[in-house]
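Observations on the three-dimensional arrangement
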Amino acid sequence: MNPKKNLLAFLVLALVTFIPISALLAEDAGKAQGEQSVVLKERQQFNKLKRSTRNIYKVTMRSTVVYRLQTALGYVSTIDLPEKALKVFVGDQELFKVGVYETQVLIKPVTDELDARTNLVIVTASGRLAFDVSVGGPETADFVLDFRLPQDDELLVQNAFDKKVEEKSQQLEKEFKEKEKGLEKQAEQLSEQKLKEKIAAQSRSISLKSSAAKDGVQVNLLSLSQVGDKAYLRFSVLNYSKTPYRVSKVFVGMITEERKFLKKREDGIIEFQSELSLSSLIAPDSYVYGVLSFEYRALGKNGKSVFRILEEGGNRAMEMKDFAWLE
């Protein structure tokens, strides 16, 4: 048989065999990549990760959650803490190597087993962090988890609240100037410093420490502020239960009392008309802040403050009475 014909037949056979195999490999690679993307997205949502750059995330410290940390063969994952790590425990030291350097904890797999996993516990002055550590591809690995304290989140909310106070102060300043516009003689005598003093005199604030909890949901009253004729009640809701908390209503008001036979008893509740700034759905393992704004009014001798939050279709309603008030 002609050698050239033999060579041509061999090449045709090899080409026909290679094409289906290549197509199958490409299909398998596409499926694997899709599965990795699903796993990565699920872990990001569970950990409430905020990605600052590729494979690097910012996380808020929570002691009630077991975080999911994925490592990769040949790579090191870093846990950055806002404070020094006091104790570090790892479940299986033969599968994972851990290094501790003040506020950094490094972990990397030392095994070729792709299904290897263990747990990791870090203790700091603020509490405990728990991790479920696994091995996966470098494309979906967590190279850096940058933790911050819950107080830092509260500071962001405080800054936003201070901004609202500043905006209200500017509005008062504008209204005051408009009223004084027609009185040129008095406006000339009123210096900018006196104007600032008047605005400052209309602003005051007190810290609150009242709290209530029911079935895995805790509500904390944080502060009560007054700017002009407006009052602002700032509070937080921590849902550490397994079910969402759906808010149907939040209000602040006054309990009126009457004296009968030398004793005081509650006579009724007056609900203050207010505007609420709060998410209507609070997911499990989440911590959110809310603000009630309303027209300020004094409670008087026969009145006590009251705060209520109601759950839609649930029985986790909470009430706080007789907390501090601006008089």
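The structure under discussion appears in the preceding block.
Residues numbered from 1 in each chain as written. Predicted model: local features only at pLDDT ≥ 70, side-chain atom pairs only at ≥ 80, totals over all residues. Heavy atoms only, no water.

**Here's the deal with the pairing of strand β9 (residues 127–136)**
Alignment of strand β3 (residues 66–72) against β9, held across seven bridges, turns out to be parallel. Residue pairing in the sheet places V66 in a bridge with A130 of β9. When strand β8 (residues 117–124) meets β9, the two strands line up antiparallel, connected through eight bridges. Looking at β9, one finds that T118 is bridged to V133. Hairpin connection from β8 to β9: two residues lie between these consecutive antiparallel strands. (Pairing = 2+ DSSP bridges. Helix = DSSP H or I, 4+ residues; strand = E, 2+ residues; numbered from the N terminus.)

**What to know about the pattern of salt bridges**
Under the definition given, this model contains ten salt bridges. Among the ionic pairs, E266 bridges to K304, the shortest N-O distance being 4.0 Å. Here the residue E266 occupies a position in strand β16 (residues 263–271), and K304 occupies one in strand β20 (residues 303–311), the gap between them amounting to 38 residues. The residue R316 makes a salt bridge to E311 at a minimum N-O spacing of 2.9 Å. Shared partners join several salt bridges into a network, and the residues in it are E257, E266, K304, R308, E319 and K321. (Salt bridge = Lys/Arg side-chain N within 4 Å of Asp/Glu carboxyl O.)

**Overview of the environment of D285**
Here D285 shows up in the loop between β18 (281–282) and β19 (286–295). D285 sits in the buried class, given a relative accessible area of 19%. Spatially, the C-alpha atoms of D285 and P244 are 9.0 Å apart, while their sequence positions differ by 41 residues. (Buried < 20%, exposed > 50% of the residue type's maximum accessible area, 1.4 Å probe, protein only.)

**Quick notes on the nonpolar core**
Of all hydrophobic cores here, the largest spans 29 residues; its most connected members are L233, F307, I309 and W325. Mapped onto this core, the elements with two or more residues apiece are β13 (217–227), β14 (230–239), β15 (245–260), β19, β20 and β21 (318–321). If you tally residues by element for this core, the top one is β15, at five residues. The contact partners of L233, leaving out residues within four places of it in the chain, are L208, L221, S223, L224, V252, G290, V291, L292, F294 and F307. If you look at the next biggest cluster of nonpolar residues, it comprises 24 residues, including V59, Y67, V90 and L145. (Core = buried A, V, L, I, M, F, W, Y, C linked by side-chain atoms within 4.5 Å. Contact = heavy atoms within 4.5 Å.)

That's the geometry; what it means functionally is another story.
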